[in-house]
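# An overview of the molecular structure
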Amino acid sequence: MSVDSHFVHKMWNDHELSKMVKGGVPFPMLSDGGGKVGAAYGVYDENAGVENRGRFLIDPDGVVVGYEVLTPPVGRNVAETLRQIQAFQLVRASKGTQATPSGWKPGKKVLTPGPDLVGKVWEVWKVSEAFE
Amino acid sequence: MLKLGSKAPDFTAPAYQQGKFINVKLSDYLGKWVVLCFYPGDFTFV
């Protein structure tokens, strides 16, 4: 979503993005003329007249479970966004009984918070795992 | 800034997708995971 019109989105997709992504952008490119939606999410910069790089994860109940906002010159890390979605999906499927430690990726160890784990995380999780 | 754990503000926005102009309503996506991304502008570099 940006303040550009959906007509300009079409031009950008057809003339540039479709040269980077086969078949063009698969998801809807949203228009937020005037930045009203961006203002509601706290990412619209009214001085510059554009949105910052805000990225919101919204769960199936419509609840915001995470966000990241960067000023324009620095791009996002999409792999990290996907990792967070996978972690949130795992936690939701466990009905909140499981949690993903720092550095978790699919296939890696999850934690089951409870009285037995208090003070014992050091036994089951190593700092090096945060960087793997 | 939005509070984590609060409902995402609903909106309807005109959009372009795969050759078509459509209207997208956020609440139509209830039941699915959504990534909502804002960016400064079309034809920018990052």
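Quick summary incoming for the structure in this document. (Residues numbered from 1 in each chain as written. Chains lettered and ligands numbered in written order. Predicted model: local features only at pLDDT ≥ 70, side-chain atom pairs only at ≥ 80, totals over all residues. Heavy atoms only, no water.)

### A word on the overall build of chain A
Helix and strand counts for chain A stand at four helices and five strands. The helix and strand sequence of chain A, counted from the amino end, reads α-β-α-β-β-β-β-α-α. At 19 Å, chain A has a C-alpha radius of gyration far larger than the 14 Å of a compact globule built from 132 residues. By principal-axis analysis of the C-alpha atoms, chain A measures approximately 55 × 35 × 30 Å. A sequence separation of at least 24 residues applies to 28% of the contacts in chain A between residues at least 6 apart. For chain A, the accessible area works out to roughly 7600 Å², and carbon and sulfur atoms hold 61% of it. Taking the average location of the 15 positive side-chain charges in chain A and that of its 15 negative ones, the two points are 6 Å from each other. (Helix = DSSP H or I, 4+ residues; strand = E, 2+ residues; numbered from the N terminus. Rg over C-alpha atoms; globule rule 2.2 N^0.38 Å. Contact = heavy atoms within 4.5 Å. Areas by Shrake-Rupley, 256 points an atom, 1.4 Å probe, with all protein chains shown as cover. Lys, Arg positive; Asp, Glu negative; His and termini not counted. Charge placed at Lys NZ, Arg CZ, Asp CG, Glu CD.)

### Overview of the layout of surface pockets
Roughly 1100 Å³ of volume is contained in the largest pocket. In terms of lining, the largest pocket is formed by 34 residues, of which the most central are A:Val25, A:Phe27, A:Arg76, B:Cys37 and B:Tyr39. Every element with two or more residues in the lining of the largest pocket is listed here: helix H1 (6–20), strand S1 (29–30), strand S4 (53–58) and helix H3 (78–93) of chain A together with strand S3 (34–37) of chain B. Here the residues of the lining of the largest pocket are counted per class, giving 26 nonpolar, three polar and five charged. (1 Å grid on protein atoms, 1.4 Å probe; cavity = no way out; pocket = protein on both sides within 12 Å on 5 of 7 lines; lining within 4 Å. Points joined across faces, edges and corners; volume = space filled by probe spheres on them. Nonpolar A, V, L, I, M, F, W, Y, C, P; charged D, E, K, R; others polar.)

### A closer look at the environment of B:Ala15
Relative to the helices and strands, B:Ala15 is located in strand S1 (residues 12–17). As a C-alpha pair, B:Ala15 and B:Leu26 span eleven residues in sequence and 12 Å in three-dimensional space. Other than its neighbours up to four places away in sequence, B:Ala15 contacts A:His6, A:Pro28, A:Met29, A:Leu30, B:Lys20, B:Phe21, B:Ile22 and B:Val24.

### Quick look at the interface of chain A and chain B
If you look at the interface, chain A gives 60 residues, while chain B gives 36 residues. Taken together, the two surfaces of chain A and chain B that pack against each other cover about 4300 Å², and 66% of this comes from carbon and sulfur. It is A:Met1, A:Trp12 and A:Tyr41 that lose the most area in chain A upon contact with chain B, and together they represent 15% of the buried surface on that side. At the boundary of chain A with chain B, the tally comes to zero salt bridges. For the pair chain A and chain B, the number of links is 23 residue pairs in polar contact (both at pLDDT 80 or more). Mapped by element, the contributors of at least two residues to the side of chain A that touches chain B are H1, S1, helix H2 (36–41), strand S3 (50–51), S4, strand S5 (64–70) and H3 of chain A. The greatest single-element share of the side of chain A that touches chain B, amounting to ten residues, is contributed by H1(A). Split by residue class, the side of chain A that touches chain B holds 31 nonpolar, 17 polar and twelve charged. Relative to S3(B), S4(A) is paired through four bridges, and the arrangement is antiparallel. Directly across from A:Leu57, in S3(B), lies its bridge partner B:Val35. (Buried area = accessible area lost by both parts, 1.4 Å probe. Salt bridge = Lys/Arg side-chain N within 4 Å of Asp/Glu carboxyl O. Polar contact = N/O pair within 3.5 Å; in protein donor to acceptor, adjacent residues only side chain to side chain. Pairing = 2+ DSSP bridges.)

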